[in-house]
Structure formats: C-alpha cells, structure tokens
Amino acid sequence: MAEGAFFGAHTPLHPDHLWIWEKAVYVDENQRTWLPITIEIEGSLQVLMRQEDVPLGDPVSPSQLGPYLLPVMWQLYPGRRYRASDSSFWRIVYHIEASVGFSGDP
C-alpha cells in the first residue's frame with residue numbers, strides 16, 4: 001500500500017513567556033522551542049510561531065544577535081496579546097501546534 005501523509009493540529013495553551021535562545025529560536029517556560037516565521041503585509045509585521053522541538057546550542061545574548069526584527073522576549077498579557085521586551089504589544093490572532101507524519105503499510 002502506498003504511503004500517505006497525514007496532518008494533525010490542535011490548539012495548545014499559549015506560552016506565558018518566550019525568550020530568544022538564538023537567532024530564529026525562542027524557548028518558553030516549559031523548555032519547548034518555537035520558531036518564528038515573519039511575514040510583512042502592507043507595512044504590518046506578522047509572526048507565526050511554530051512549536052517544534054529543535055536541538056539547542058548555547059544561548060546568545062541580545063548583543064550577539066545584531067539587527068533583528070523581533071523582540072528578545074514576549075510575556076503573555078490579558079486580552080490575547082503579548083507584551084514584548086521593547087514594550088510593544090502583539091495580538092494573538094491564531095495559535096496552533098502542528099505535527100506532520102506518515103502512515104501506511106511498509
């Protein structure tokens with residue numbers, strides 16, 4: 001039988017905090033890793049945060065990052081929004097956790 005891909009997603013709890021670990025990798029309070037996907041639409045910056053387990057190297061300090069579009073930390077606030085380390089607010093539009101795998105007979 002041919003292999004077929006399946007896709008599963010569910011809505012997890014929002015992380016309380018996200019800290020930059022290295023460029024393009026954030027870590028939450030439960031040591032889960034999050035990868036940002038940055039999209040600019042009509043002058044507005046949108047970020048999709050994808051929870052994916054990745055091996056972590058040594059953390060970097062903000063000064064080692066160089067110019068970076070995203071804040072170094074986010075904290076969850078009431079009203080479905082995050083406050084960033086630069087005091088800006090980011091609204092949560094949609095939040096999912098996804099997994100991709102294969103099924104089928106060998």
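Keep in mind that what you see is a predicted model, and the values were worked out from it rather than measured.

A.B. asks: Honestly, the sheet that holds strand β5 (residues 44-51) in this entry has me stumped. Any pointers?
C.D. replies: Pairing in this open sheet of seven strands is antiparallel, and the strands run β5-β4-β3-β2-β6-β7-β8 from one edge to the other. The outermost strands of the open sheet, each flanked by one partner alone, are β5 and β8 (89-91). Strand-to-strand twist in this sheet, taken as the mean axis angle between neighbours without regard to direction, amounts to 30°. With three bridges joining them, strand β2 (residues 17-22) and strand β6 (residues 73-77) adopt antiparallel strand pairing. Its bridge partner being in β6, L18 is matched across the sheet by W74.

A.B. asks: Looking at this model, I keep getting lost on the packing of aromatic side chains. Mind explaining?
C.D. replies: For any two aromatic rings, the description comes down to two numbers: the centre-to-centre distance and the angle of the planes. Counted by the stated rule, this structure contains three aromatic pairs. Ring plane angle 40° and centroid distance 5.0 Å describe the contact between Y26 and W74, whose orientation is recorded as tilted. One end of the pair, Y26, is in strand β3 (residues 25-28); the other, W74, is in strand β6, with 48 residues separating them in the sequence. In terms of burial, Y26 and W74 fall into one category: buried. Arranged with centres 5.5 Å apart and planes meeting at 80°, the rings of Y77 and F89 form a pair that is edge-to-face. One end of the pair, Y77, is in strand β6; the other, F89, is in strand β8, and twelve residues separate them in sequence. Under the relative-accessibility criterion, Y77 is labelled partly exposed at 26%. A cation sits over an aromatic face here: R81 above F89, 4.2 Å from the ring centre.

Definitions and limits used
- Residues numbered from 1 in each chain as written.
- Predicted model: local features only at pLDDT ≥ 70, side-chain atom pairs only at ≥ 80, totals over all residues.
- Heavy atoms only, no water.
- Pairing = 2+ DSSP bridges.
- Helix = DSSP H or I, 4+ residues; strand = E, 2+ residues; numbered from the N terminus.
- Axes fitted to C-alpha atoms, helices over the stretch in contact; angles between N-to-C directions.
- Phe/Tyr/Trp six-rings, centres within 6.5 Å; stacked < 30°, edge-to-face > 60°.
- Buried < 20%, exposed > 50% of the residue type's maximum accessible area, 1.4 Å probe, protein only.
- Lys NZ or Arg CZ within 6 Å of the ring centre and 35° of its normal.

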